[in-house]
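# Observations on the model geometry
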Amino acid sequence: MLGTQIRPARPDDDERIRRFLIRLSLHTQSLRFFTGLSTPATSLVRVLLAVDERRDALVMTLEGEIIGHAMSYRGGVADVEIAVVVADEWQGKGLGPHLIDTLLFRAAVRGAKTVGMDVLGENRRVLRMIRRLWPDAQMKVTSGSVAVTAMIQQAAVFAEQRSGATPLTV
């Protein structure tokens, strides 16, 4: 994680996010988007970079290239719905949880108390992480995916135990 930086997504990240998405394996694309992406549509890129009063988006960069992306949307079943993806070669190194911590910190500052996410049932790594981070999370299996709802405060305790860094630096 040394040398990585987490920052809010910007409109000028469009080509960087496009390159990031294309470099993801078909398996990783499917786990995040529930489908593969050949060429990311302009509308998808725009949604992934949107930051406004209802949406937040973060990118994790290394030497100027995006290696992780996290986004949230206020509304839905929980106060905030989130989605995260990390480049294949960086998976399993703690970047996903760090992106989640930062995203949820920002959501909590805006008043969110609950977090929700949809996880593909075969995404065992993420389901294990959820059970570890939110042991009291409610999980409901529907049509091959798992709808997860948890309290953000539990994630904040985890974040405080892991890092003394500011939310936007690693």
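Here the residue numbering is sequential within each chain, running from 1 through the sequence in written order. In keeping with the model being predicted, local features are shown solely for residues with a pLDDT of at least 70 and side-chain atom pairs are shown and tallied solely at 80 or more, while totals for entire chains, interfaces and linings include all residues. Where side-chain values are given, they derive from all heavy atoms of the structure, hydrogens and water being excluded.

Here we come to a positive patch on the surface. Excluding any residue in a salt bridge, patches collect residues exceeding 30% relative accessible area, merging like charges within 9 Å and nonpolar Val, Leu, Ile, Met, Phe, Trp and Tyr side chains within 5 Å. Computed by Shrake-Rupley with a 1.4 Å probe, the accessible areas treat only the displayed protein chains as cover when residues are assessed. Basic side-chain nitrogens of Lys or Arg form a salt bridge, by our definition, when they fall within 4 Å of a carboxyl oxygen of Asp or Glu. For this count, His and the chain ends are skipped, Lys and Arg are scored as positive, and Asp and Glu as negative. Taken as the charge centre is NZ of Lys, CZ of Arg, CG of Asp or CD of Glu, depending on the residue. A surface patch of positive charge is lined by Arg124, Arg125, Arg128, Arg131 and Arg132. Inspection of the secondary structure assignment puts Arg124 in helix H5 (residues 124-133). Strands here are runs of E lasting at least two residues and helices are runs of H or I lasting at least four, both read from the DSSP assignment and numbered beginning at the N terminus.

Turning our eyes to something else, we now look at the side chain of Thr28. Inspection of the secondary structure puts Thr28 in helix H2 (residues 26-33). Residue contacts follow a heavy-atom distance rule, with two residues in contact if any of their heavy atoms lie within 4.5 Å. Every residue in contact with Thr28, bar those within four places of it in the chain, is listed here: Val85, Val86, Asp88 and Gln91.

Moving on, we come to the sheet that holds strand S5 (residues 114-120). Judged by pairing direction, the sheet is mixed, and its seven strands sit side by side in the order S1-S2-S3-S4-S5-S7-S6 without closing on themselves. Only two strands of the sheet have a single partner each, and these edge strands are strand S1 (4-8) and strand S6 (138-142). With direction set aside, neighbouring strand axes in the sheet form an average angle of 20°. Strand pairing is assigned whenever DSSP identifies at least 2 bridges connecting the two strands. Bridge analysis of S1 against strand S2 (residues 55-62) gives five bridges, and the strand direction is antiparallel. Geometry is summarised by axes, namely lines fitted to C-alpha atoms with helices restricted to the contacting stretch, and by angles between N-to-C directions that run from 0 to 180 degrees.

What follows deals with the pattern of salt bridges. Enumeration over the complete set of coordinates arrives at nine salt bridges. A salt bridge links Glu65 to Arg19; the shortest N-O distance between them is 2.9 Å. With Glu65 in strand S3 (residues 65-74) and Arg19 in helix H1 (residues 14-23), the pair connects residues that are 46 residues apart, well separated along the chain. In this scheme, a residue with accessible area under 20% of its type's maximum is buried, one over 50% is exposed, and one in between is partly exposed, where area comes from a 1.4 Å probe on protein chains only. Here Arg19 falls in the partly exposed class, since its relative accessible area comes to 36%.

Remark: a regular strand shows side chains that alternate across the two faces of the sheet. Here S3 lies mainly inside the structure; seven of its ten residues are buried. What sits between S2 and S3 in their antiparallel hairpin is a turn of two residues, with Glu63 showing a positive phi close to 50°. Examined bridge by bridge, S3 and strand S4 (residues 80-86) share seven bridges and lie antiparallel to one another. Bridged to Ala70 within S4 is Val84. Following S3, the chain reverses through five residues before pairing antiparallel with S4; Gly75 in that reversal takes a positive phi of roughly 125°.

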